[in-house]
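One letter stands for each residue in the lines below.
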Amino acid sequence: MTLLLSIPSMWALAFVLAKIGIFAGVIAGAGGVLALGGYHNGSRAAHTRLLSYSLLGAFIGFHSSLAPVLIQAGQINDAGVMGMFDSDLVLLLRGTPVWESAAFRGAGFALSALLTLSLLRTLRAQRKPPDSVFYRLAFIGQALALGLVAYGFTLSGHVSVLDAWLRAALAFHVAAMAIWVGMLLPLRWCCDDVESGGLGELMRRFGRVGIGLVAALASSGVFMLLNLIDIIELFTTEYGRLMLFKLGAFVGLLAIAALNKLRHVPVLHLPGGSRALARSIDRELVVAMTLLLVTAVVTTLFGPATH
């Protein structure tokens, strides 16, 4: 099989690692702040942990967003790793898709970092629980940051040359993915920190949100797939076979989420119920990370035959 025999170059692997870092950043950045909306035990420590999770994501995402510009410069320079830091060549990349994409993603992650630092400072200065303005600022600011990062995804790669509807679907897809996967770790923490009665209501609430997120992910994903590739190419090209694997991982993720909703959440009040749910969320995290790894590879190293 050609896919198994082809060995990506150092630069190609560097682009993949940068994409993984961007995914990790947008997931943690979105999940940490959005989980402030009741997905915790209400303590100051829980707020701090969620904001630290988001801040780490913003830090990773910001540096990973800038990395493709340096990698592109190094690839053009053909002078090894030090060629990445040729400032004249880096500046020559201004106006290119890789530069514009990095600019929007970097701005989004920078905004997320500044927002999170401000929220942490406010939290430490307050003696009482945060008020509604604290959460409203967090959600609005993170939504704007997420929008900038998601838009950055539409400016490079094979989707960037397509029509506005496809690029909008990609941004929608990235945002929904970031929220769903980003919430998994906070939900896992809830299994240890929240009492079983409150945990059940919390999980049921996320289940209702999850239905909308899954619908957004599935509809935008199918729309993009049908416009990027012919059905027969799913079985005859490397890109298509990787997309099939990605679809299989997504179905596996849905199966675990359904198992959580239908089997584990109803029995949370029983002894060991929260531990069983925690183990299931652990499996969901592993499948989600596998899905994102495949996505990073397929969107960086491969492309539809027609693009």
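Residues numbered from 1 in each chain as written. Predicted model: local features only at pLDDT ≥ 70, side-chain atom pairs only at ≥ 80, totals over all residues. Heavy atoms only, no water.

A few points about the packing of aromatic side chains
Summed over the entire model, instances satisfying the criterion amount to 7 aromatic pairs. A ring pair is formed by Y53 and W189, whose centres lie 5.5 Å apart and whose planes are at 75°; its orientation type is edge-to-face. Linking Y53 in helix α3 (residues 44-77) with W189 in helix α7 (residues 164-193), this pair joins segments that are 136 residues apart in sequence. Here Y53 and W189 have matching classes, each one buried. With 6.2 Å between their ring centres and 85° between their planes, W180 and F250 make a pair best called edge-to-face. Pair noted here: W180 is in helix α7 and F250 is in helix α10 (residues 238-264), with a separation of 70 residues, a long-range link. Aromatic ring contacts, followed pair by pair, group F134, Y135 and F139 into a single cluster. (Phe/Tyr/Trp six-rings, centres within 6.5 Å; stacked < 30°, edge-to-face > 60°. Helix = DSSP H or I, 4+ residues; strand = E, 2+ residues; numbered from the N terminus. Buried < 20%, exposed > 50% of the residue type's maximum accessible area, 1.4 Å probe, protein only.)

Topic: the environment of T290
Within the secondary structure, T290 sits in helix α11 (residues 273-301). Linking T290 and K246, residues 44 residues apart in sequence, is a C-alpha distance of 8.8 Å.

With respect to the pattern of salt bridges
All chains considered together, the criterion is met by 6 salt bridges. We note a salt bridge from R188 to D282, for which the minimum N-O separation is 2.9 Å. Placement of the pair is R188 in helix α7 and D282 in helix α11, with a sequence separation of 94 residues. A network of salt bridges, in which partner residues are shared, links R188, D192, R275 and D282. (Salt bridge = Lys/Arg side-chain N within 4 Å of Asp/Glu carboxyl O.)

Some points on the confidence of the model for the chain
For the chain, per-residue confidence averages 88 on the pLDDT scale, and residues scoring 70 or more make up 95% of the total. Confidence drops under a pLDDT of 50 for residues 1-5, and excluding neighbours within four residues, the segment shows 5 contacts in the predicted structure. (pLDDT = per-residue confidence, 0-100. Contact = heavy atoms within 4.5 Å.)

Examining α7
The terminal C-alpha atoms of α7, which comprises 30 residues, lie 44 Å apart, in line with the 44 Å expected from a rise of 1.5 Å per residue. At L184, α7 shows its largest kink, close to 30°, and the proline P186 lies no more than four residues downstream. The buried fraction of α7 is high, at 21 of 30 residues. Measuring from the side-chain oxygen of the N-cap residue of α7 to the backbone nitrogen of W165 gives 3.1 Å; that N-cap residue is D163. (Expected span 1.5 Å × (residues − 1). Bend = angle between axes of the 7 residues up to and from the residue. Polar contact = N/O pair within 3.5 Å; in protein donor to acceptor, adjacent residues only side chain to side chain.)

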